[in-house]
Amino acid sequence: MKRLHMTPAFRRLLGPGEPELGCEECFQQLDTYVELELSGADADLAVPGLRAHLDGCPACREEHESLRALVGGESAG
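From a predicted model like this one, the values you see are computed outputs, not experimental measurements. (Residues numbered from 1 in each chain as written. Predicted model: local features only at pLDDT ≥ 70, side-chain atom pairs only at ≥ 80, totals over all residues. Heavy atoms only, no water.)

> Hey, could you go over the pattern of salt bridges for me, with residue numbers and the actual values?
Using the criterion set out here, one finds three salt bridges in the structure. R51 is the partner of E37 in a salt bridge, and the nearest nitrogen-oxygen pair spans 3.1 Å. Linking E37 in helix α2 (residues 23-39) with R51 in helix α4 (residues 50-56), this pair joins segments that are 14 residues apart in sequence. With a shortest N-O distance of 3.9 Å, D55 and R51 are connected by a salt bridge. You can see D55 and its partner R51 sitting in helix α4, four residues apart, about one turn around the helix. D55 sits in the partly exposed class, given a relative accessible area of 44%. Note on R51: relative accessible area 28%, which makes it partly exposed. One continuous salt-bridge network, built from bridges that share partners, spans E37, R51, D55 and R68. (Salt bridge = Lys/Arg side-chain N within 4 Å of Asp/Glu carboxyl O. Helix = DSSP H or I, 4+ residues; strand = E, 2+ residues; numbered from the N terminus. Buried < 20%, exposed > 50% of the residue type's maximum accessible area, 1.4 Å probe, protein only.)

Shown next, in the form of structure tokens:
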């Protein structure tokens, strides 16, 4: 059986293959998630569903990138 290659746009259309958080819960957990990421901890294990949400929500993904840049001392964008 031939395996279907999914483009990123097609994956976003189908949605995550795992449970995900909503925007409100994402914003509540985002600071913890970023701190865990920057410390080298497994943020996805500690805050399940947040990565799936970031993959599908441009607004929350932008907030994540900005917060990560601010806390990590990186340039956003």
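> Requested: an account of a nonpolar patch on the surface, with residues and values cited.
A contiguous nonpolar surface patch, about 280 Å² in accessible area, is contributed by L38, L70 and V71. Among the secondary structure elements, V71 is positioned in helix α5 (residues 58-72). (Patch = residues over 30% accessible without salt bridge, like charges linked within 9 Å, V, L, I, M, F, W, Y side chains within 5 Å. Areas by Shrake-Rupley, 256 points an atom, 1.4 Å probe, with all protein chains shown as cover.)

> Please provide a residue-by-residue account of α5, values included.
Compared with an ideal rise of 1.5 Å per residue, which puts 15 residues at 21 Å, α5 spans 20 Å between its outermost C-alpha atoms and is within 8% of the ideal. Residues of α5 that are buried sit in contact with α2 and α4. The positive-phi residue at the C-terminal boundary of α5 is G73, with phi of around 75 degrees. (Expected span 1.5 Å × (residues − 1). Contact = heavy atoms within 4.5 Å.)

Without other data, these values stay purely geometric and don't point to any function.
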